[in-house]
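# Geometric and topological summary
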Amino acid sequence: MYSYYARQPIFNLKNDAVAYELLYRDSLESTSYSFFNGDLASASVINTALFGGDPKSIFGGKKIYINFTEKLITNGIAYLLPVDSIVIEVLEDVRPTPEVLTALDNLYRSGYKIALDDYVVSDENCEFLNYAYMVKIDFRDTKENIERTAGISSMPRALVQFSFRAIIMQSL
């Protein structure tokens, strides 16, 4: 069985590719996500991209953004990955359970960068901001959600970024 992923570049304001988001694909021709199990899709991307070759030569030493489900966050798989190369993307459907928050705290304290994918701030999920290196906002969301999330002023560590499935990232 073959495994595929798309390598979506992430650009800074100078239009330089500074990182890549890796997205599961089920074939060479696939242009969108079509998998029913996020855990297996992300595990497939990790296996193929990071253990199927030399990531530093494949990605030119740039950061790699990988989607993490609740299960992947809590099961410790991230510790198999190079702390200096990856950014853990917390998917929008991950709930801030005590187990998830503890896992994110441990990952953060271990030096891993954490991004919040398609994030919309709420009372329920605002604790995620304590660990965020980046907050990605999807411009396809409602105007109200975008404005509420973009207006976050108390992000201790997070840098708000805007996303329309292609991220413009400021140089850090």
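All of these numbers come straight from a predicted model, not from anything done at the bench. (Residues numbered from 1 in each chain as written. Predicted model: local features only at pLDDT ≥ 70, side-chain atom pairs only at ≥ 80, totals over all residues. Heavy atoms only, no water.)

## Observations concerning the overall build of the chain
- Scanning the chain from terminus to terminus reveals five helices and seven strands.
- Counted from the first residue to the last, the chain has its helices and strands arranged as β-β-α-α-β-α-β-α-β-β-α-β.
- Relative to its 172 residues, the chain shows a buried fraction of 45%.
- Summarising the internal contacts of the chain: among those between residues at least 6 apart in sequence, 57% fall at separations of at least 24.
- If you sum the accessible surface of the chain, you get close to 9,200 Å²; carbon and sulfur atoms cover 52% of it. (Helix = DSSP H or I, 4+ residues; strand = E, 2+ residues; numbered from the N terminus. Buried < 20%, exposed > 50% of the residue type's maximum accessible area, 1.4 Å probe, protein only. Contact = heavy atoms within 4.5 Å. Areas by Shrake-Rupley, 256 points an atom, 1.4 Å probe, with all protein chains shown as cover.)

## Considerations on the packing of aromatic side chains
- On inspection of all chains with the given rule, the structure shows two aromatic pairs.
- When the ring of Tyr-79 is compared with that of Tyr-112, the centres are 5.8 Å apart and the planes differ by 90 degrees; the resulting orientation is edge-to-face. Of this pair, Tyr-79 sits in the loop between helix 3 (70-74) and strand 4 (86-90) while Tyr-112 sits in the loop between helix 4 (98-109) and strand 5 (113-116), and the two are 33 residues apart along the sequence.
- Tyr-79 gets classed as partly exposed once you look at its relative accessible area, which sits at 42%. (Phe/Tyr/Trp six-rings, centres within 6.5 Å; stacked < 30°, edge-to-face > 60°.)

## Focus: the nonpolar core
- The biggest cluster of nonpolar side chains holds 34 residues, and the ones touching the most others in it are Phe-68, Ile-73, Val-90, Leu-104, Leu-116 and Phe-128.
- Looking at this core element by element, the count peaks at five residues for helix 4.
- Excluding its chain neighbours within four sequence positions, the residues that come into contact with Val-90 are Phe-68, Ile-73, Leu-104, Ile-114, Ala-115, Leu-116, Asp-117 and Phe-128.
- Formed by seven residues, the second largest nonpolar core is a distinct cluster that contains Ala-19, Tyr-65, Ala-115 and Tyr-133. (Core = buried A, V, L, I, M, F, W, Y, C linked by side-chain atoms within 4.5 Å.)

## Overview of the pattern of salt bridges
- Enumeration according to the criterion identifies two salt bridges in this entry.
- In this structure, Glu-70 engages Arg-95 in a salt bridge whose closest nitrogen and oxygen atoms are separated by 3.6 Å. You can see Glu-70 sitting in helix 3 and its partner Arg-95 sitting in the loop between strand 4 and helix 4, a full 25 residues away along the chain.
- By relative accessible area, Glu-70 is classed as partly exposed at 25%.
- Two residues, Arg-109 and Asp-105, come together in a salt bridge whose shortest N-O distance is 2.8 Å. (Salt bridge = Lys/Arg side-chain N within 4 Å of Asp/Glu carboxyl O.)

None of the figures reported here should be taken as evidence of function without further support.
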